[in-house]
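Chain and residue survey
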Amino acid sequence: MSLNPHKPKFDAFYWAIVEAAAAQSVATRHKVGALVVTPSGMMSSGWNGTPAGMDNCCEKGEVIRVYNEDGIYQGERRKTSPETIHAERNAIDKMTREGVSTKGSILFVSRAPCFECAKALHGLGLKAIYYEENHDDMRGVKLLRDTGTTVLRRTYGTKPLSPAYPPTEVQQLNQFYGRGPV
């Protein structure tokens, strides 16, 4: 019998790799890390940054004004440069270059996929996507869920899901891990 790399007992290990990957980013706003784990246990990590050979500066775009949810001005920040490649994209691209399939893999990412990344991820045959932090624009998560991808937010501790999730997501996760109710 072979080891199942998708068992929840390995989640803390995978999240530690995601955190280490994020630390490699030179981004100033959001240092994002990602890890793809295949059904056989192969791993591909990535972090947000610019393509090789370019100035590695993720926030050199236009200056934009930032407001909170109540519309109160919070200051200014630089917009992410359009050249910046997101962490999950970097991890997936490495797999593609090496001819490694993503089918049945799990993606762990420190920030929820943006809408553009979600469009790229939805057809890859991923078994599930776990993310830690909400994105400013959660349309990416909605798109993935609407197209049948299991997308769950990380909670701390040994269980990858908290009671804050709707029952359908709890049922999805239980089915995903082949176990009864949590």
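Just above, that's the structure.
If you're wondering where the values come from, they're calculated on a predicted model, not measured in any experiment.

About the cut-offs
- Residues numbered from 1 in each chain as written.
- Predicted model: local features only at pLDDT ≥ 70, side-chain atom pairs only at ≥ 80, totals over all residues.
- Heavy atoms only, no water.
- Helix = DSSP H or I, 4+ residues; strand = E, 2+ residues; numbered from the N terminus.
- Buried < 20%, exposed > 50% of the residue type's maximum accessible area, 1.4 Å probe, protein only.
- Contact = heavy atoms within 4.5 Å.
- Areas by Shrake-Rupley, 256 points an atom, 1.4 Å probe, with all protein chains shown as cover.
- Pairing = 2+ DSSP bridges.
- Axes fitted to C-alpha atoms, helices over the stretch in contact; angles between N-to-C directions.
- Arc of directions from axis to C-beta.
- Salt bridge = Lys/Arg side-chain N within 4 Å of Asp/Glu carboxyl O.
- Lys, Arg positive; Asp, Glu negative; His and termini not counted.
- Polar contact = N/O pair within 3.5 Å; in protein donor to acceptor, adjacent residues only side chain to side chain.

1. Remarks on the overall build of the protein chain
Looking only at helices and strands, the protein chain has 5 helices and 7 strands in total. Starting at the N terminus and ending at the C terminus, the protein chain contains elements arranged as α-β-β-β-β-α-β-α-β-α-β-α. Within the span of the protein chain, comprising 182 residues, buried residues form 40% of the whole. In the protein chain, once contacts between residues fewer than 6 apart in sequence are set aside, the share between residues at least 24 apart is 47%. Accessible area for the protein chain stands at about 10400 Å²; split by element, carbon and sulfur atoms hold 53% of it.

2. Comments concerning the sheet that holds strand β7 (residues 150–153)
If you trace the 5 strands from one edge of the open sheet to the other, you get β2-β1-β5-β6-β7, paired in mixed fashion. Edge positions in the sheet fall to β2 (43–47) and β7, since each of these pairs with one other strand and no more. Going across the sheet, the axis of each strand differs from the next one's by a mean of 15 degrees, ignoring polarity. Sheet topology note: the strand β6 (residues 128–133)/β7 ladder contains 4 bridges and is parallel. In the strand pairing of β7, Tyr131 is matched with Arg153. Running over the sheet, helix α1 (residues 11–22) touches β1 (33–37), β2, β5 (106–111) and β6 and is turned about 140 degrees from β1. Docked against the sheet, helix α2 (residues 87–98) engages β1, β2 and β5, running at close to 140 degrees with respect to β2.

3. Focus: helix α4 (residues 139–146)
Residues separated by three or four positions in an α-helix point in the same direction, a consequence of the helix having 3.6 residues per turn. Along α4, the residues classified as buried are Gly140, Val141 and Leu144. End-on, the buried residues of α4 take up no more than an arc of 100 degrees, which puts them together on one face. Across from the buried face of α4, at angles greater than 90 degrees, the exposed residues are Lys142 and Asp146. Packed against the buried residues of α4 are α3 (115–121), β6 and β7. Gly148 lies just past α4 and shows a positive phi near 95 degrees.

4. Let's talk about the pattern of salt bridges
Enumeration according to the criterion identifies 6 salt bridges in this entry. Salt-bridge contacts for Asp137 lead to Arg139; the nearest nitrogen and oxygen are separated by 2.9 Å. Linking Asp146 and Lys142 is a salt bridge whose minimum nitrogen-to-oxygen distance equals 2.6 Å. Taken together, the residues Asp146 and Lys142, both in helix α4 and 4 residues apart, mark about one turn of the helix.

5. Topic: the side chain of Glu88
Its location among the elements puts Glu88 in helix α2. Although Glu88 lies buried, it forms no salt bridge, and the closest oppositely charged side chain, Arg111, sits 8.5 Å away as judged by the N-O distance. Leaving out residues up to four positions away in the same chain, Glu88 has contacts with Ala34, Leu107, Val109, Pro113, Cys114, Cys117 and Leu121.

6. A few points about the side chain of Ser44
Relative to the elements of secondary structure, Ser44 occurs in strand β2. Ser44 gets classed as buried once you look at its relative accessible area, which sits at 7%. A polar atom in the side chain of Ser44 sits 2.7 Å from the backbone oxygen of Ala91. Among residues more than four places away in sequence, those in contact with Ser44 are Ala34, Leu35, Val36, Ala91, Lys94 and Met95.

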